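The primary structure of each chain is shown beneath.
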Amino acid sequence: KAFRFFLISCFPLLSALTARSQTSLGAHVTFSEYAGDLNNNEYHFYEYDRTKLGAAISFQHYLNPSFNLVEKFSFNQVRYQNVFKTIGVDADFLALNVKLKYKFNNDYIIKEDAIVAPFLVAGIGGTYIDSKAYTNLDKSTIADGEFQANAAFGAGILFQFNDRWG
C-alpha cells in the first residue's frame, strides 16, 4: 500500500556555519503525519490517537557562503487509524539523507551573521521501513524491512541565538 508521511523537525540545536566555524551537530525531535491511500490522500494534520515522537541527528559542513552539506540520520514513527479502527498502519522509519542546503544569509542576499537566516534544502537518501496493519482485527505485516530510496526537500528559517546555538 502506498503512503507518504510528513516529517516536521522541532527544536534543531545547531550552530550557524561560517568560514571560521566549518562543522556543526544538530539534534532534532520529530513527529510524522500520515497522508495516503488509507485516508483517501486527505490531510488531517494533528489528528493523533497518540503522538509518536521520533529523533534525528545531523551534521553540517560549510562549503561556501551559499551552501552547506548536510548528512542526517532519523528515526520516525507513523500510527494512523480511521475512526472505525478498521483501517490503519503502524510504521517505523530509519532514514539516512545527504542534502545540499542553500543559505540566503550568504552575504549576497542577507548578511552571513544574520540572526534570522532562511534556507532551502534538497537531497537524496534511503529509508528502511518496518510497517504493519493497525486495526482492531488485523496486525499483519505490510513491509518487513523494506528499503526505499527517498528525496528530501524543504524550506526553513534558522534563528541564531548566539555563536553556538540556533
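Here the structure is a predicted model, which means the values were calculated and not measured.

(A) Here's a closer look at the environment of Lys 52. As for its position among the elements, Lys 52 is in the loop between strand E2 (23-36) and strand E3 (53-62). Linking Lys 52 and Glu 33, residues 19 residues apart in sequence, is a C-alpha distance of 9.5 Å. Filtering out sequence-adjacent residues up to four positions away, Lys 52 remains in contact with Thr 30, Phe 31, Ser 32, Gln 77 and Arg 79.

(B) Region of the structure containing the packing of aromatic side chains. In total, this model carries 2 aromatic pairs according to the counting rule given. Their ring planes at 85° and their centres at 5.2 Å tell us that Tyr 102 and Phe 104 sit as a pair that is edge-to-face. Residue Tyr 102 is classed as partly exposed on the basis of its relative accessible area, which comes to 24%. The class for Phe 104 is partly exposed, based on a relative accessible area of 24%. An aromatic cluster of at least three residues, connected via ring pairs, comprises Phe 67, Tyr 102 and Phe 104. One cation-aromatic arrangement involves Lys 101 over Phe 119; the distance from NZ or CZ to the ring centre is 4.3 Å.

(C) Representation of the pattern of salt bridges. What the rule picks out here adds up to 2 salt bridges. Between Arg 79 and Asp 90 there is a salt bridge whose closest N-O contact spans 2.9 Å. Here the residue Arg 79 occupies a position in strand E4 (residues 67-81), and Asp 90 occupies one in strand E5 (residues 88-103), the gap between them amounting to 11 residues. The residue Lys 132 makes a salt bridge to Asp 90 at a minimum N-O spacing of 3.9 Å. Taken together, the residues span a long stretch of sequence, with Lys 132 in strand E6 (residues 116-133) and Asp 90 in strand E5 at a distance of 42 residues. Taking relative accessible area as the criterion, Asp 90 reaches 10% and is therefore assigned buried.

(D) Structural detail: the nonpolar core. Among the nonpolar cores identified, the biggest contains 7 residues, and these are Val 78, Tyr 80, Val 89, Ala 91, Phe 93, Ile 129 and Ala 143. When contributions to this core are tallied by element, the ones reaching two or more residues are E4 and E5. Here this core takes 3 residues from E5, the largest share from any one element.

So, how was this worked out
Residues numbered from 1 in each chain as written. Predicted model: local features only at pLDDT ≥ 70, side-chain atom pairs only at ≥ 80, totals over all residues. Heavy atoms only, no water. Helix = DSSP H or I, 4+ residues; strand = E, 2+ residues; numbered from the N terminus. Contact = heavy atoms within 4.5 Å. Phe/Tyr/Trp six-rings, centres within 6.5 Å; stacked < 30°, edge-to-face > 60°. Buried < 20%, exposed > 50% of the residue type's maximum accessible area, 1.4 Å probe, protein only. Lys NZ or Arg CZ within 6 Å of the ring centre and 35° of its normal. Salt bridge = Lys/Arg side-chain N within 4 Å of Asp/Glu carboxyl O. Core = buried A, V, L, I, M, F, W, Y, C linked by side-chain atoms within 4.5 Å.

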